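# Commentary on secondary and tertiary structure
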Amino acid sequence: MRMLRRLESVLPASLINRVFLLYGLTLLSFVAGGLAGFLQFQFDREIENTQVASVMVVEVAAQAIKDSAVIGDYDTVFKTLDRAVQASMFRSAAFIDMQDARVVANSRTAPNHSAPAWLEQLIAAKLYDVNRTVTAGGRDYGVMRLQYDTQAIASQFWSLAVVALSTSAMALLAGLLLIRVMLLHWLGGLERLRDVVEDLGTGAIVAESIDASNEPLEIRRVVDMFNQTAVLVREREATRRALDDQKFALDQHAIVSITDAAGNITYANDLFCQISGYTREDLIGKNHRIIGSGMMPKAFFENLWRTITSGKVWNGEICNRNRSGVLYWVNATIVPLLDEHGQPKQYIAIRTDITARKEVEAEMLRAKDAAEQANRIKSDFLANMSHEIRTPMNGIIGMTELALDTELSAEQADYLRMVKLSANSLLQVINDILDFSKLEAGRLDVEKIGFSLEATMHEVMRAQAVQAHEKKLELLLHVAPEVPSRVVSDPGRLRQILVNLIGNAIKFTHAGEVEVAVTRTNGIAEPIAELCISVRDTGIGIPADKFSAIFDAFSQVDTSTTRKYGGTGLGLSISSQLASLLGGKLRLESELGKGSTFYLDLRVPVATPMEAPGPQSLPALQGLRVLVADDNATNRSILIGALKRLQMQPHAVPSGEEALAELERARADGSPYALALLDVQMPHMDGFELAQHIQERPELTGATVMMLTSEGRRGDASRCRDLGVSSYLVKPISHVELQRAIQKALSLPDNADTPLVTRHLLRESTRQLRLLVAEDNQVNRALAQRLLEKQGHKVVLAGNGNEAIALWRQGGFDAILMDVDMPEMNGYEATELIRLRERETGRRIPILALTAHAMRGTRESCLKHGMDGYLAKPIDTALLWRELEALGAASDHATEPKEKTDTTAAIIDFAKVRSAMDDCAEMFEDIREIFLRDLPDEMARLRAGIGAGDAAVIAHQAHTIRGMVGVFHAKRAHDAVAAIEQLAGKEALDEEFAELEAALAEMLAELGEYRWEQA
């Protein structure tokens, strides 16, 4: 190994020179060995040939001189010897006779001394003088001696050697030259490869690859490998340059630093130094905490380190502090770089300065807080103003309604009607201003709940009927069959839009009709229903150039209209904005002098249809023949559709004369009508005249007569009794009301004492209640007392919350109507105290909130404080009756004796639920929605109370849930929660709570599957 190292140390550095040296030495060895062998062979051969030739020469010469020697002719002997020596290998020839006489002949050839002496000596050592005895006739005459010319022989051999040596040298040089050229060609690829590698390292190479097709196989393989490597190197170089460019660009914009796994800085770019105020030397090796601001919580950094040490990228905003103590904000992204074991070895942090943005955000937040504070002040002011205005308005409107129901002169009635109209107008102005303010502030929210669209439409129409009837206008409603029974939207806001549109139609129409129609413009299979609600009137119309301006705030067609018809000009603006909030659009078609049609286009999700009444609920109506007499075609169409839904057989005629003829024809055919629905306002022969004709003909009196009118007038009820009319109803009438009225009219006995079926009678059929009314305003107390007592309810009054609680303790009340704003103790506090003390008795009294606050969140606040319902002042009597009817029905069921447990009973007694809710689908939907929304929170609080062993919380929550499930007459759930309430604080409740969860799961499944219309 040492010799190899030494040998390598003296070898040339170049591979070509090394190979060339190796080839040269090898060739030289072969040439030298060959030449040496050749010369040795030639030398030996030359010696041998010389010796053989000398023997032949001696023999010839001896024969030639033999005769001369015998005769003693030494001159001839000399001549013979001289000829033998000349041009021969001998230097001299001599004949020595027996007497020692000598004849010597020397070579006259000039000596050639080109051979080296050592060669002469070597040849001389190989050759000896040749002696030959000359004999003749058996007698020796002498000796012939030949002496070799070693110098000539050596010169001859040396010449041969020189030629051979020269030829070998030339061949050797030619071979070496050829080898050198081929090595430079074959191994020159490596040299070129080396140059290319150097260029590649400096980035100077531009060629795609090296052509090695003519190179030797081994070189070609090396070059191929290099070409592949070069491609990778070029790509890496391009990537490196791109990264350098990106790094440069990043450094111009972002704050970049690199840290080790412990957070110590190993790299910081110029921007980092600039924003932090530290030099790069100050930062390198320091922990990143050097720029910590102390403003971020500990948990923030714990989360940051937890994220990046797990190998995940972290992004967030951090507040730092520079060297001068000034705070600055950055948006940071920290990327961990992982080692071969998947553990972070470095962290790269890329940040951008967001200090300016943070300052703007802080300023915006301050401005937002100021705006919100201003909004709160405005909202509080509006709420207070609403309360202060609505409270006296409640008294004015309510007392006016009561006074109008008393015996008054015509003049007094006119005065009071003007008072009521003015009060309602003022209330509408207040409502418009409040809504406009909320819309302007963006604080008017919309709900997304399922409700019956048709029921809502009927409620609106019923509320507007009085105004229409006062102007002797037909008020018509048509809901197309393809319209879904239930949709998801905000029924309150939809009702508000419709009230405005219908109210305007009535206000601007002097004669004719107002028709409201609902149609569906897309397929019934679509989950989103595209509805078009139109309100058409035959009024004054609107010029085309006013179409867009009419939806602006405080705008009407012109100032003369404003003076003639009144109004704030806010109604359509509010309606248009509400339509947008509901995801719809309000548009208009009108022709001056011919009327207007407003269209409300809505896209609403179709709610799951509730179960419609089946034939089994209407045994008395199925197949019953009904005659409808009404001069208005739209009304006839509506009534025909409603009666067919009740599975009756209706037939409609447009006049009293035709109705009378149809009754006679049917009797003659033996298929008389069992029921006749007559419109009061018909030309030529009105409804009362037709009823009189029927009464005067005994053969026609078998039909039960019901009267429908667009205008309720004093004295109509008396005329109905005189003419034997069973029912008197004011249009528009809902399908449910029509069904109830028909069933009631058909079930009453036909005698003088039979009461006339009216809406009032249908309402009075519910149980009369004993009510506690807590109200501090004397006018409102008197109004509530009169209104309620007029409906047959017994009323006890309280002036504040303390009085209400004292009276409640005496017991005997079915419900409490609680004003929210009262002195000493307000309604919220009184309700909470009542709910607290109810835990001891296990009973819960319904409490209905009365408040003049009409702002957002009022209803939720009432329910949160334990109240069961909510009515805004001035009180809508229709809503009040509906609430009381529900309470009355619930009270009926509450006083029924408890039955023994029936394990086979239904999970929810929907018959009782429907009865309690007066078959009102919308009320059921509202209560179900509240129940499903509030139950999870109530159960969570109960679970927490049981976990903490807090008997008070357990009792309170159990009582609350018991009241909630009691509304739905769910016996198993009711009994389970009642058991928890009774055992609160006495023993463990794990089993009881598990039973309650199971019962509620069963109840929720049943409640979710129930469909109102199909029950």
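The model shown is predicted, which means the values in this text are computed figures rather than measured ones.

### What to know about the sheet that holds strand S20 (residues 704–709)
Strand pairs in the sheet, formed through backbone hydrogen bonds, run parallel or antiparallel to each other. Taken in spatial order, the 5 strands of this open sheet run S18-S17-S19-S20-S21, and their pairing is parallel. In the strand order of this sheet, the two ends are held by strand S18 (649–653) and strand S21 (727–730), each with one partner. Pairwise comparison of adjacent strand axes, ignoring direction, gives a mean angle of 20° for this sheet. Taken together, the 4 bridges between S20 and S21 define a ladder with parallel strand orientation. Within the sheet, the bridge partner assigned to Leu708 lies in S21 and is Leu729.

### Some details on the UniProt feature "domain: PAS" (unreviewed entry) in the chain
The UniProt feature table records "domain: PAS" (unreviewed entry) at residues 256–287. Between the end C-alpha atoms of residues 256–287 there is a gap of 15 Å, over a span that is 34% helix and 28% strand.

### Re the pairing of strand S16 (residues 595–605)
Within S16, 8 of the 11 residues are buried, which leaves it mostly tucked inside the rest of the structure. By the bridge criterion, 9 bridges tie strand S14 (residues 528–537) to S16 in an arrangement that is antiparallel. The residue bridging Cys532 from the neighbouring strand is Asp601, located in S16. Where strand S15 (residues 585–591) folds back onto S16 in an antiparallel hairpin, the turn is made up of 3 residues, including Gly593, whose phi is positive at roughly 85°.

### Description of the packing of aromatic side chains
What the rule picks out here adds up to 8 aromatic pairs. Ring centres of Trp118 and Trp158 lie 6.3 Å apart, and the angle between their planes is 90°; this geometry places the pair in the edge-to-face category. Separated by 40 residues along the polypeptide, Trp118 in helix H4 (residues 117–126) and Trp158 in helix H5 (residues 150–186) bring together distant segments of the chain. With relative accessibility at 29%, the residue Trp158 sits in the partly exposed group.

### Some words on the sheet that holds strand S22 (residues 770–774)
The strand order S23-S22-S24-S25-S26 describes an open sheet built from 5 strands, whose pairing is parallel. Looking at strand neighbours, the two that pair on one side only are strand S23 (794–798) and strand S26 (869–872), the edges of this open sheet. Averaged over all adjacent pairs, the angle separating strand axes in this sheet is 20°, with direction ignored. The strands touched by helix H25 (residues 827–841) are strand S24 (815–819) and strand S25 (847–851); relative to S24, the strand with the most contacts, the crossing angle is about 150°.

### Details of the UniProt feature "modified residue: Phosphohistidine" (unreviewed entry) in the chain
Mapped onto the present numbering, the UniProt feature "modified residue: Phosphohistidine" (unreviewed entry) falls on His959. On the accessibility criterion, His959 (3% relative accessible area) is buried. With residues near it in sequence (within four places) discarded, His959 still touches Glu838, Gly842, Arg843, Arg844 and Glu981.

### Concerning the environment of His793
When you line up the elements, His793 lands in the loop between helix H23 (778–790) and S23. Distance in space between the C-alpha atoms of His793 and Leu769 is 4.9 Å, their sequence separation being 24 residues.

### Some details on the side chain of Asn500
With respect to the element layout, Asn500 can be found in helix H14 (residues 491–507). Among the residues examined, Asn500 registers a relative accessible area of 13% and is labelled buried. A polar atom in the side chain of Asn500 sits 3.3 Å from the side chain of Ser575. The contacts of Asn500, once residues within four sequence positions are left out, are Gly571, Leu572 and Ser575.

### Topic: helix H32 (residues 990–1009)
An ideal rise of 1.5 Å per residue puts 28 Å on 20 residues; H32 measures up with 29 Å between its terminal C-alpha atoms. For H32, every residue scored as buried is listed here: Glu992, Phe993, Leu996, Ala999, Leu1000, Met1003 and Leu1007. The arc that holds every buried residue of H32, seen down its axis, measures 125°, which confines them to one face. Those residues of H32 that are exposed and angled more than 90 degrees off the buried face are Asp990, Glu991 and Glu1009.

### Comments concerning unusual backbone geometry
Glycine aside, residues mostly have negative phi, and peptide bonds are mostly found in the trans state. The phi dihedral of Lys472 is positive, around 55°, even though this residue is not glycine. Relative to the helices and strands, Lys472 resides in the loop between helix H13 (453–470) and strand S11 (474–479). Lys472 sits in the exposed class, given a relative accessible area of 59%. Notably, His969 is not glycine yet its phi reads approximately 50°, a positive angle. Considering the arrangement of structural elements, one finds His969 in the loop between helix H30 (951–966) and helix H31 (971–983). With relative accessibility at 21%, the residue His969 sits in the partly exposed group.

### Describing the side chain of Thr50
Along the chain, the position of Thr50 falls in helix H2 (residues 15–71). The exposure class of Thr50 is buried, given its relative accessible area of 3%. Looking at Thr50, its side chain comes within polar contact range of the main-chain oxygen of Glu46, at 2.7 Å. When neighbours within four sequence positions are excluded, Thr50 is seen to be in contact with Met89, Leu127, Tyr148 and Ile153.

Thresholds, definitions, all that
Residue numbers run consecutively from 1 along every chain, following the written order of its sequence. Selection of residues for local features in this predicted model requires a pLDDT of at least 70, selection of side-chain atom pairs for listing and counting requires 80 or more, and totals for whole chains, interfaces and linings are taken over all residues. Side-chain calculation: all heavy atoms of the structure are included, whereas hydrogens and water are not. Paired strands, as defined in this entry, are two strands with at least two bridges between them according to DSSP. By definition, any uninterrupted DSSP run of H or I lasting at least four residues is a helix, any uninterrupted run of E lasting at least two residues is a strand, and each is numbered from the N terminus. Fitted lines through C-alpha atoms give the axes, limited to the stretch in contact for helices. The angle between two N-to-C directions lies from 0 to 180 degrees. UniProt positions are given in the numbering used here, feature names are shortened, and annotations may be inferred rather than shown by experiment. Note on classification: 1.4 Å probe, protein chains only; a residue is buried when its accessible area is under 20% of the maximum for its type, exposed when over 50%, partly exposed between these limits. Each pair of aromatic rings taken from Phe, Tyr and Trp, with Trp reduced to its six-membered ring, is defined by centres within 6.5 Å and is described as stacked if the planes are under 30 degrees apart, edge-to-face if over 60, and tilted in the remaining cases. Whether two residues are in contact is decided by their heavy atoms, any of which lying within 4.5 Å being enough. Identification of polar contacts relies on pairs of N or O atoms within 3.5 Å, with a donor-acceptor requirement for protein atoms, meaning one able to donate a hydrogen and the other able to accept it, and with residues adjacent in sequence counted only if both atoms are side-chain atoms. Each helix should span, by expectation, one fewer than its residue count multiplied by 1.5 Å. Here, the arc refers to the directions that run from the helix axis to the C-beta atoms.

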